[in-house]
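Report on the structure
Chain by chain, the residues:
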There are 2 protein chains.
Amino acid sequence: MSQLLPPDDPETDADADGAARPHHHHLEQARAQVIQLLSRQSVEKELLSRSESRNSDVVAQLVARQHQAALEQRLSHFHPADIAFVLEALAPEARDLAWTLVRPARRGAVLLETSDTVRRALVMSMPPEEVVALAGSLDTDDLADLVSSLPEEARQQVLERLDSADQAEVRSMLSFPEGTVGSMMDLDFIAVREDTTLEAVQRLLRRRKLLPAHTNQLFVVDRGNQLRGLLPLARLLLGDPEGQVAEVMNPRPVYFYTDDPSREAVAAFEKYDLISAPVLNLHRQVVGRVTVDAVLDEISERAQTEGLRQVGLTEEDEDLFAPVVASAQRRWPWLAINLATAFFASRVIGAFEPIIEALVALAALMPIVASIGGNTGNQSAALVIRGLALGQLGSDQLRRILRRELSISALNGALWGVVLGFATLLLYHQLPLSVVIAVALMLNMSVAALVGVLAPVLLHRLGRDPAMGSSIILTATTDSMGFFIFLGLAAVFLV
Amino acid sequence: MSQLLPPDDPETDADADGAARPHHHHLEQARAQVIQLLSRQSVEKELLSRSESRNSDVVAQLVARQHQAALEQRLSHFHPADIAFVLEALAPEARDLAWTLVRPARRGAVLLETSDTVRRALVMSMPPEEVVALAGSLDTDDLADLVSSLPEEARQQVLERLDSADQAEVRSMLSFPEGTVGSMMDLDFIAVREDTTLEAVQRLLRRRKLLPAHTNQLFVVDRGNQLRGLLPLARLLLGDPEGQVAEVMNPRPVYFYTDDPSREAVAAFEKYDLISAPVLNLHRQVVGRVTVDAVLDEISERAQTEGLRQVGLTEEDEDLFAPVVASAQRRWPWLAINLATAFFASRVIGAFEPIIEALVALAALMPIVASIGGNTGNQSAALVIRGLALGQLGSDQLRRILRRELSISALNGALWGVVLGFATLLLYHQLPLSVVIAVALMLNMSVAALVGVLAPVLLHRLGRDPAMGSSIILTATTDSMGFFIFLGLAAVFLV
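What counts and what doesn't
Counting of residues starts from 1 at the beginning of each chain's written sequence and follows it residue by residue. Chains and ligands are labelled by the order in which they are written, letters from A for the one and numbers from 1 for the other. Note on the predicted model: pLDDT of at least 70 is required for a residue's local features to be given, and 80 or more for side-chain atom pairs to be given and counted; whole-chain, interface and lining totals, by contrast, use all residues. To get the side-chain values, all heavy atoms of the structure are used, and hydrogens and water are removed first. UniProt positions are given in the numbering used here, feature names are shortened, and annotations may be inferred rather than shown by experiment. A run of DSSP states H or I qualifies as a helix once it reaches four residues; a run of E qualifies as a strand once it reaches two. Both are numbered from the N-terminal end. In this description, contact between two residues means that some pair of their heavy atoms is separated by no more than 4.5 Å. Computed with a 1.4 Å rolling probe, the buried area is the accessible surface lost when two parts are put together, summed over both parts. Counted as salt bridges are all cases of a side-chain nitrogen of Lys or Arg within 4 Å of a carboxyl oxygen of Asp or Glu. Gly is put with the polar residues, along with every residue not named as nonpolar or charged; the nonpolar set is Ala, Val, Leu, Ile, Met, Phe, Trp, Tyr, Cys and Pro, and the charged set is Asp, Glu, Lys and Arg. Exposed residues in this analysis have more than 50% of their type's maximum accessible area, buried residues have under 20%, and partly exposed residues fall in between, with area computed by a 1.4 Å probe over protein chains only. DSSP-based pairing: two strands are paired if at least 2 bridges between them are found. Here, axes are lines fitted to C-alpha atoms. For helices the fit covers the stretch in contact, and angles between N-to-C directions go from 0 to 180 degrees. C-alpha atoms of residues with pLDDT of at least 70 in both copies form the basis for the least-squares superposition of the copies. Every patch collects residues that have over 30% relative accessible area and no salt bridge, joining them within 9 Å if they carry like charges and within 5 Å if they are nonpolar side chains (Val, Leu, Ile, Met, Phe, Trp, Tyr). Exposure was quantified through the Shrake-Rupley algorithm and a 1.4 Å probe, taking into account, for residues, occlusion by the shown protein chains and nothing else. For any helix crossing, the convention is left-handed if the near helix is rotated counterclockwise from the far helix by under a right angle, and right-handed if that rotation is clockwise.

- Identification of chain A as Magnesium transporter MgtE from Solimonas fluminis is taken from an unreviewed UniProt entry.
- Looking at chain A in UniProt, the text filed under Function (unreviewed entry) is "Acts as a magnesium transporter."
- In its Sequence similarities (unreviewed entry) section, the UniProt record describing chain A reads: "Belongs to the SLC41A transporter family."

1. Structural notes on the UniProt feature "transmembrane region" (unreviewed entry) in chain A
Residue and element names in this part refer to chain A.
- Using the residue numbers shown here, the UniProt feature "transmembrane region" (unreviewed entry) corresponds to residues 406–429, 435–459 and 471–494.
- Structurally, residues 435–459 is divided into 100% helix and 0% strand, and its ends, taken at the C-alpha atoms, are 36 Å apart.
- Spanning residues 471–494, this segment combines 96% helix with 0% strand, and its end C-alpha atoms are found 33 Å apart.

2. What to know about the interface of chain B and chain A
- Across the boundary between the two partners, chain B contributes 141 residues, which contact 141 residues of chain A.
- When chain B packs against chain A, close to 12700 Å² is buried across both sides, 61% of that on carbon and sulfur atoms.
- Remark: the boundary between chain B and chain A carries 4 salt bridges.
- Between E405 of chain B and R331 of chain A there is a salt bridge, with the nearest N and O atoms lying 2.9 Å from each other.
- A class-by-class count of the residues in the side of chain B that touches chain A yields 78 nonpolar, 30 polar and 33 charged.

3. Section: helix 5 (residues 104–113) of chain A
- Among the residues of helix 5 of chain A, those classed as buried are R107, G108, V110 and L111 of chain A.
- The secondary structure elements touched by the buried residues of helix 5 of chain A are helix 3 (80–89), helix 4 (92–101), helix 6 (116–124), helix 7 (128–135) and helix 8 (140–148) of chain A.

4. Looking at the sheet that holds strand 3 (residues 227–232) of chain A
Residues and elements named next belong to chain A.
- What the 3 strands build is an open sheet, ordered 1-2-3; its pairing is mixed. Taken across any chain shown, the strands that pair with only one partner, and hence form the sheet edges, are strand 1 (191–193) and strand 3. Averaged over all neighbouring strand pairs, the angle between strand axes comes to 35°, with direction disregarded.
- In terms of strand pairing, strand 1 meets strand 2 (residues 217–221) through 3 bridges, oriented parallel. Bridge pairing links R193 to V221 in strand 2.

5. Quick look at unusual backbone geometry
All names here are of chain A.
- Even without glycine at this site, D273 takes up a positive phi of about 55°.
- Relative to the helices and strands, D273 resides in the loop between helix 15 (262–272) and strand 5 (276–280).
- Even without glycine at this site, R284 takes up a positive phi of about 60°.
- For R284, the position within the fold is in the loop between strand 5 and strand 6 (286–291).

6. Let's talk about the sheet that holds strand 1 (residues 191–193) of chain B
Residues and elements named next belong to chain B.
- On the basis of which strands lie adjacent, the open sheet formed by 3 strands has the order 1-2-3 and mixed pairing. Each having just a single partner strand, strand 1 and strand 3 (227–232) make up the two edges of the open sheet. Sheet twist, expressed as the average angle between the axes of neighbouring strands with direction ignored, equals 35°.

7. Considerations on the relation of the copies chain B and chain A
- Aligned on chain A, chain B shows an RMSD of 0.1 Å; the corresponding rotation is 180° and the shift along the axis is 0.0 Å. Between the two chains, the operation in question is that of a two-fold axis.

8. Some details on a nonpolar patch on the surface
Residue and element names in this part refer to chain A.
- Judged by side-chain polarity, L431, V435, V439 and L443 come together as a nonpolar surface patch covering roughly 330 Å² of accessible area.
- Within the secondary structure layout, L431 lies in helix 22 (residues 431–461).
- Of the residues examined, L431 reaches a relative accessible area of 54% and is grouped as exposed.

9. A short note on the packing of helix 8 (residues 140–148) of chain B against helix 10 (residues 164–174) of chain B
Residues and elements named next belong to chain B.
- Contact geometry for helix 8 and helix 10: axes closest at 9 Å, N-to-C directions at 65°. At the point where helix 8 passes helix 10, the crossing takes the right-handed sense. Contacts between helix 8 and helix 10 involve T140, D141, L143, A144, V147 and S148 from the former and E169, V170, M173 and L174 from the latter.
- Residue composition of the contact of helix 8 with helix 10, grouped by class: 6 nonpolar, 2 polar and 2 charged.

Structural data, given as structure tokens:
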């Protein structure tokens, strides 16, 4: 944590490691090559460890060691984010091999860039002492990120081994719940006083040799450490050196409280094109900052897991190389729910068995009504979920959308109902059956639109993620209702 | 475009409008209030326009005008992004009313923040002269963004009315295809020479009064305008004023070419935590820059439309207030495909009608096999789509994942097949039927895993978006195969 410019704070410069970055095309090639080599190496190593026991192939061993040294050399030129990419793309044995080739001093930086599951796997494979040793190369907030992704027991082991000042800081960072601004902030801000001259600020900055990454502005605070404004570096550069900070600072900046939801910070950064913003505690004292890179990580993490959440998978499933049995088990709740709703739909059909026996064409046609209902409803649901995510659905808007989706589905239901009716007439030469399926399709599409709009809204009002469960509710409804409407109409009018 | 510091370039400061931003909670309230007021106002106006024709209610008209003036006043304190939010949340009539209340000088900035569809609707409602007048308040790249979202005819009308220099610049910006780095770059970079002293650079910067937003570094170029390195503002501030740019610059920066895909820029910004990066043409000359706010826009635009694309909706459907008939029509292709695949599945069942007639329980049970297959396959597909998006699926990894998903589905298929078999036994008291449905579930889950992995990979190899169509292919396959496997086994073993 840096305030009032402690001159010897060992911060990293935003571009200090820039020298290691060539054009990204070369990078992608280099990465793919290393992934291939590592995969091959780990197989060779496996073979060697077998032949070693027979003490037969000394030359092969030497060659393998040479290859490893070459790989280690290549990895040492990679950016930590690229090493993380390589680790995530590798199967577990190859990943472990690769990890031993990453120099200990860089392991902390690499761990910060990996996904939670891969990070956990790697850290779990290291003794706590080694994890604590890594900690030395990390900032408090990065250390807290690292520790927070560990299982409870490993977390305590690492925390106990930290010195007491670090321990207190990390524990205080860990106290911010997941999903709050506190959990995404860092402590690398520079604070100055209003009555300082720009020249004095520049002098103070020069004493440090590096600025924290993403420092586009300094935070202006009073004696009580309360936020007074922001001093953009550009104004510091361009302003009159004799002038005071108060004269050029932005006195009404965007700020956050530690317990604001992180999605609000994300929204504000997107909207106002921010690079960094101060974070205050309840006494309006500056305690940290949020930077655009943390916001980017948050957004892409969320976007990447969105698809998984929609089909009931969790963060743990991100690791494509997790053990099969554990992965199979994680899918049970979803399968159980799916089985239950499918069974219910089956019972709806079961109730109409006599009618199906009398007119077996109904069995062949009923899945069409159910399937189109499901897809129609999913379209309405996708629009509503997006509107909810953007916060654009007040009750006025909601009523309007419901009306609108019902109109669209009535229109399309009428049109495609006629199409389906004609197809049925061509196949079965039964006009009453064709009329029944046309009407059933239309009705089920209206049900689908209704449920498609209301299911996500209901989940949202109950404080749940509207994307998570709406497709189960929806398909369960459109299947059962599709069968019920179609077979019910058939029972009344056909048999 | 600013190079070698033209001192009178009218750039905007990153935080020049910061004074208008209170804490975001108040903002959300203010926004919701204005949206409500505007919705109400537009209804009142509608009523008034009717009463006006009767010349009856002069007082009501006066009141309405007063309300409008108050609203105009409130909107004038909003950030352009907040006004855009308000416009997007409003129904068309209220939106048009709100637009008349936005001061002309701010309309350009507001349009840049709205979604493409709303922007198009607003611009289409203005005569070309007015659009050209807006253009005066915008940078070339912003103007190009604005023009590019217009329909062809309106675009030409606006372009022809620009002065020839602007026209050439806008046309050259428009020449970069959607999805390339060129289309997301701006021209607001500041370039300096290697042999300048830091002091001279600072002096040059002071002559401009403002720096372009997101200027965290200056671009160092040679006489041919080729990129030599980057000079972070922090180093300019902290370095020895007598020293030369070449001594402190970052000589190996991340850069892009105009025709690089924009997703590569997005990936690089995420990975290397960049704020800005230079964009080069094929002669390695600096022609523009990408900033983190353009990257953020790109990511959130993509994330927001992801859910829509998965259910076959397009960008146009984002406008929740578009006319019903047009929206209904846009859903036709998807409905047609869905109807065709559902019809095919129905024909599969049709082929087994005699067996269903003989054992009507099959009709009730068959949707269960199809439905669970669909969900299983969607889980595999979600994992593969995510892996593809992250670029982590080489052929080695692919084979591994295929094996893995097949194992998981075999395991879960065996387990839940037994569960379903028992449930069937309890309901129908027929052991052979129970065995058939258990085996059918297991087989269809393996088919689902296979197609779930291969469908997105195939789409990806064909250069298509793997998320877009895979769920159609998948559901069509698991439905048809589910019915075929279950009814086929029944035909062989039961009747």
